[in-house]
Amino acid sequence: MSNMSWIDALADLKQRGEPCVLVSVVEEQGSTPRDAGAKMVVERERLHDSIGGGHLEFEAMRIAREMLESRSRAARLERFALGASLGQCCGGATVLLFEPLGQPQARIALFGAGHVGRALAPLLAGLPCRLRWIDSRAQEFPDPLPAGVEQVIDDEPLDEVERMPAGSYFIVMTHDHQLDLRLAEAILARNDFTYFGLIGSKSKRARFEHRLRERGLAAETLQRMRCPMGLPEVKGKLPLEIAISIAGEVIATYNARFGEKAQGGESIAKLLPASRRGPA
C-alpha cells in the first residue's frame, strides 16, 4: 500500500493515463471498520488509502483487479456481511461501489515542434489522450509545455516509433523532409497504427509514395497514409488553422473506429464522452 491518499492517487493516475478502480463504502449497517464515504484506489500493482483493512479490503482488491484485467467499464455494487465468511468479527455489513476509471485513451506521437506542431499540441492536450511530443531541438518546445504533454527530446526520433503501442496515432511534421521520409517508412512498415498523418502537399505525397514503393512498401499500405492531412472543409494556411483541421480529423477518425480491435486485442475507446457524441 502506498502512502498516497486516494484523491492524490487519482490525480497522479489521471496524469499518467493509467486505469484504476475507485472503491467506496456507500452504505454501512451495524458495526463496520470504516464509515460510509471511505475510499481506496486500486491499480494493477498498488493500493492507495484504505476501506478498513482485513479480509474485506483483500476481497475488494481482488474484485477491483479482476475488473482491471477484464477492462470492465461498468460500475458495480457489492454487499459484504462482516462475519465468519470474511474472517471478520465486526458483525455488521457494508456495501461497496466499484467504479472503473481511466479507461484506455488515444496514444498520439507528434513528431515536430515547429509552428504547426506548437499550434497543434495544445489542442490535442485538451482532449482525453496521451500525447508524446517529439523533436531533437529542445529550444523549439514552448515553456511551459501544455499540461499533460510528455516532451521527448531525442536526437534519433526514429527510435520513438518503436516505443508506441499498437493502435497509436502518428502525426509527422518535422523540419527535415528526409526525416519525414524515414519516419513514414518506419510507421508504415509497422502497419498496426490507427492513424498516420504526414504534413505536406499532394506533390510531396507523390514523391514519398514513389520512394516508399522503391523501398518495398505495398500500395495498399501506402493508402493508409494521410497526406495532405486534416479535414478538407477546414481551410486556411495559418498554423492554427492547419492545426484545427488536423485535430478535427484525429477526433473524427477516433470516433469512426470505435469498437474496432487494435492488433494487440484492445478495443479502441471513443475520444469524446457519450454526452457529446451524436447518435450512433
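As a reminder, the structure under discussion sits directly above these lines.
It should be emphasised that the depicted structure is a prediction, and the values quoted were computed from it without experimental measurement. (Residues numbered from 1 in each chain as written. Predicted model: local features only at pLDDT ≥ 70, side-chain atom pairs only at ≥ 80, totals over all residues. Heavy atoms only, no water.)

**Q** What am I meant to see in the sheet that holds strand β11 (residues 225-226) here?
**A** What holds strands together in a sheet is hydrogen bonding between their backbones, with the strands either parallel or antiparallel. The parallel open sheet is built from six strands, whose spatial order is β8-β7-β6-β9-β10-β11. Of all the strands in the sheet, just β8 (149-153) and β11 have a single pairing partner and so form its edges. In terms of strand pairing, strand β10 (residues 195-198) meets β11 through two bridges, oriented parallel. Across the sheet, residue F196 finds its bridge partner in β11, namely M225. On top of the sheet, helix α5 (residues 177-190) reaches β6 (106-111), β9 (169-172), β10 and β11; it is set at about 165° to β9, its chief contact. (Pairing = 2+ DSSP bridges. Helix = DSSP H or I, 4+ residues; strand = E, 2+ residues; numbered from the N terminus. Contact = heavy atoms within 4.5 Å. Axes fitted to C-alpha atoms, helices over the stretch in contact; angles between N-to-C directions.)

**Q** Looking at this structure, how should I read the pattern of salt bridges?
**A** Two side chains of opposite charge can pair, provided their charged atoms sit close to one another. All chains considered together, the criterion is met by 17 salt bridges. As a salt-bridge pair, E249 and R226 come within 2.5 Å of each other at their nearest N and O atoms. Here R226 lies in strand β11 and E249 lies in helix α8 (residues 239-256), a separation of 23 residues in the sequence. Residue E249 is classed as buried on the basis of its relative accessible area, which comes to 6%. Assessed through its relative accessible area of 34%, R226 is described here as partly exposed. Beyond isolated ion pairs, a larger network of salt bridges with shared partners links R132, E150, D154, E160 and R163. (Salt bridge = Lys/Arg side-chain N within 4 Å of Asp/Glu carboxyl O. Buried < 20%, exposed > 50% of the residue type's maximum accessible area, 1.4 Å probe, protein only.)

**Q** Looking at this structure, I do not really get a nonpolar patch on the surface. What am I missing?
**A** On the surface, a cluster of nonpolar side chains totalling about 230 Å² of accessible area is made up of V234, L240 and I244. Summarising the element assignment, L240 is placed in helix α8. (Patch = residues over 30% accessible without salt bridge, like charges linked within 9 Å, V, L, I, M, F, W, Y side chains within 5 Å. Areas by Shrake-Rupley, 256 points an atom, 1.4 Å probe, with all protein chains shown as cover.)

**Q** How should the sheet that holds strand β3 (residues 47-49) be read in this particular structure?
**A** Pairing is antiparallel across the open sheet formed by five strands, whose spatial order is β3-β2-β1-β5-β4. Only two strands of the sheet have a single partner each, and these edge strands are β3 and β4 (76-81). When the angles between neighbouring strand axes are averaged without regard to direction, this sheet yields 25°. Note that strand β1 (residues 20-29) and strand β5 (residues 93-101) share nine bridges and pair antiparallel. Residue pairing in the sheet places E28 in a bridge with T94 of β5.

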